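Working through the structure, step by step
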Amino acid sequence: MNAPGPVAIVGAGTMGAGLAQVAAAAGRDVVLYSRTGAGLDRATAAIEESLRRIARRDADDGAPADPAEVLGRISRTTDLGDCARADVVIESIAEDLRVKQGVFAALDHLCTGARILATNTSGIPIGLIARATARPERVVGTHFFSPVPMMRLCEIVRGPETSDTAMAVARAFADEIGKESVVVDRDTPGFITTRLLTVLILEAIRMVEDGTCRAADLDRACQLGFGHPMGPLASVDLSGLDVFQDVAAGLHRATGNPAYQAPALLGDLVAAGHHGRKTGRGFHDYADTAGQARAGVR
């Protein structure tokens, strides 16, 4: 039996880098695409650092990971055509419907042998993305969570025309890379987790904005009171305030629910370039603390 083709990851941001890492760690050959070499360099650096952390952790158990072996399975490219031989394709770019549709139209033409064209969108309905393709039955949502190497959940989302075969392939791939999946059968904006978490994060931002508490105290309250591994503001710092702003705006447009209307503080931070960990500051300051929150922002 022939070995499966490579996994293509389209987009080399935080999520794309994490997906490339876990797929390669599971033994799959990976093609990681970005529009720019600089984006690939940032992704490679992030993967190397993540693998070093994992190797240090696993060394205590006597089974250290081999970062060089994992990195050796990842091929970098700025040519989308290099994804043509992929068996599984996962798109992980900006939460912009038109941009995603353009990418999926190109992938549909290039990746004729791919069993699935998956999107890592956290809120855009799968059917809207699939419209850009001639074979919407193989388009499926695979919503992974950040940081991908640590978070176990993957939401498998069925679009209006997604086939049972595509759903099965997506679930099998999630299992192969060590994730547990849940199925979202109705193609609704935000799926399960994004709808819930967006409301929590936006209310947390409002509480900081109106002076109820500092970001650090709010996050600590959620950790101690709810058992969250990190608070909602530290979580959005990790995923990116700019990304979250797009997600919230999309949910607000799609549902009309005022609970998804973003407070001014979020827009102010994004406009100022404070997008979270990747810029050194968001609701917490990461500039001099190796990624650990030092202080809250009122």
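What you are looking at is a predicted structure, and each value in this text was computed from that prediction instead of being measured.

Regarding the domain arrangement of the chain
According to the domain assignment, the chain consists of domain 1 (7–184) and domain 2 (194–289). Each of domain 1 and domain 2 was reduced to a C-alpha centroid, and the two centroids are 25 Å apart. The interface is formed by five residues belonging to domain 1 together with four residues belonging to domain 2. Interface area, domain 1 with domain 2, both sides summed: about 530 Å², of which 59% is carbon and sulfur. It is E95, S122 and S146 that lose the most area in domain 1 upon contact with domain 2, and together they represent 56% of the buried surface on that side. Between domain 1 and domain 2 we count zero salt bridges in total.

With respect to the UniProt feature "site: Important for catalytic activity" (unreviewed entry) in the chain
Using the residue numbers shown here, the UniProt feature "site: Important for catalytic activity" (unreviewed entry) corresponds to H143. In this structure, H143 sits in strand β6 (residues 139–144). H143 sits in the buried class, given a relative accessible area of 5%. Within the structure, the side chain of H143 is placed 2.7 Å from the side chain of E155, a separation counted as a polar contact.

Some remarks on helix α7 (residues 193–209)
Taking 1.5 Å as the rise per residue, α7 with 17 residues should run 24 Å; its terminal C-alpha atoms sit 24 Å apart, in good agreement. Taken residue by residue, α7 has T194, T198, I201, L202, A204, I205 and V208 as its buried positions. Each buried residue of α7 lies within a common arc of 160° when the element is viewed along its axis, so the set occupies one face. The secondary structure elements touched by the buried residues of α7 are β6, α8 (215–226), α9 (232–239), α10 (241–255) and α11 (264–271). The first or second residue beyond α7 is G211, which carries a positive phi of 85°.

What to know about the packing of α7 against α11
Helix packing for two helices is described by the angle between their axes and how far apart those axes are. Running from amino to carboxyl end, α7 crosses α11 at an angle of 90°, the nearest separation of the two axes being 8 Å. By the angle between their directions, the pair α7 and α11 is classed as roughly perpendicular. Residues I205, V208 and E209 of α7 form the contact with α11, whose own contacting residues are A264, L265 and L266. Its residues assigned to classes, the contact of α7 with α11 comprises five nonpolar, no polar and one charged.

Quick word on a nonpolar patch on the surface
Taken together, V182, I192 and L196 make up a surface patch of nonpolar side chains, about 260 Å² in accessible area. Relative to the helices and strands, V182 is located in strand β8 (residues 180–184).

Some words on the nonpolar core
Counting residues in hydrophobic clusters, the biggest one holds 34 residues, and the most contacted among them are I9, L32, I90, I116, F144 and F173. With near-sequence residues (within four places) excluded, F144 lies in contact with M15, L19, I90, N120, L153, C154, F173, I177 and K179. If you look at the next biggest cluster of nonpolar residues, it comprises 22 residues, including Y33, C83, V103 and V157.

A short note on the pattern of salt bridges
Applying the stated rule across the entire model yields 17 salt bridges. With a shortest N-O distance of 3.2 Å, R206 and E203 are connected by a salt bridge. Taken together, the residues R206 and E203, both in helix α7 and three residues apart, mark about one turn of the helix. Each member of the salt-bridge network shares a partner with another, and the members are R28, D87, R115 and E176.

Some thoughts on the packing of α7 against α10
The interhelical angle for the contact between α7 and α10, taken along N-to-C directions, is 110°, at an axis separation of 11 Å. What the angle tells us is that α7 and α10 run roughly perpendicular. Judged by the twist between their axes, the crossing of α7 over α10 is left-handed. Across from T194, R195, T198, I201, L202 and I205 in α7, the residues of α10 making contact are F244, V247, A248 and L251. Residue composition of the contact of α7 with α10, by class: seven nonpolar, two polar and one charged.

Reading the values: the criteria
Residues numbered from 1 in each chain as written. Predicted model: local features only at pLDDT ≥ 70, side-chain atom pairs only at ≥ 80, totals over all residues. Heavy atoms only, no water. Domains from an automatic or database assignment. Contact = heavy atoms within 4.5 Å. Buried area = accessible area lost by both parts, 1.4 Å probe. Salt bridge = Lys/Arg side-chain N within 4 Å of Asp/Glu carboxyl O. UniProt positions renumbered as here; feature names shortened; annotations may be inferred. Helix = DSSP H or I, 4+ residues; strand = E, 2+ residues; numbered from the N terminus. Buried < 20%, exposed > 50% of the residue type's maximum accessible area, 1.4 Å probe, protein only. Polar contact = N/O pair within 3.5 Å; in protein donor to acceptor, adjacent residues only side chain to side chain. Expected span 1.5 Å × (residues − 1). Arc of directions from axis to C-beta. Axes fitted to C-alpha atoms, helices over the stretch in contact; angles between N-to-C directions. Parallel < 35°, antiparallel > 145°, perpendicular 65-115°, else oblique. Nonpolar A, V, L, I, M, F, W, Y, C, P; charged D, E, K, R; others polar. Patch = residues over 30% accessible without salt bridge, like charges linked within 9 Å, V, L, I, M, F, W, Y side chains within 5 Å. Areas by Shrake-Rupley, 256 points an atom, 1.4 Å probe, with all protein chains shown as cover. Core = buried A, V, L, I, M, F, W, Y, C linked by side-chain atoms within 4.5 Å. Left-handed = near helix turned anticlockwise from the far one by under 90°.

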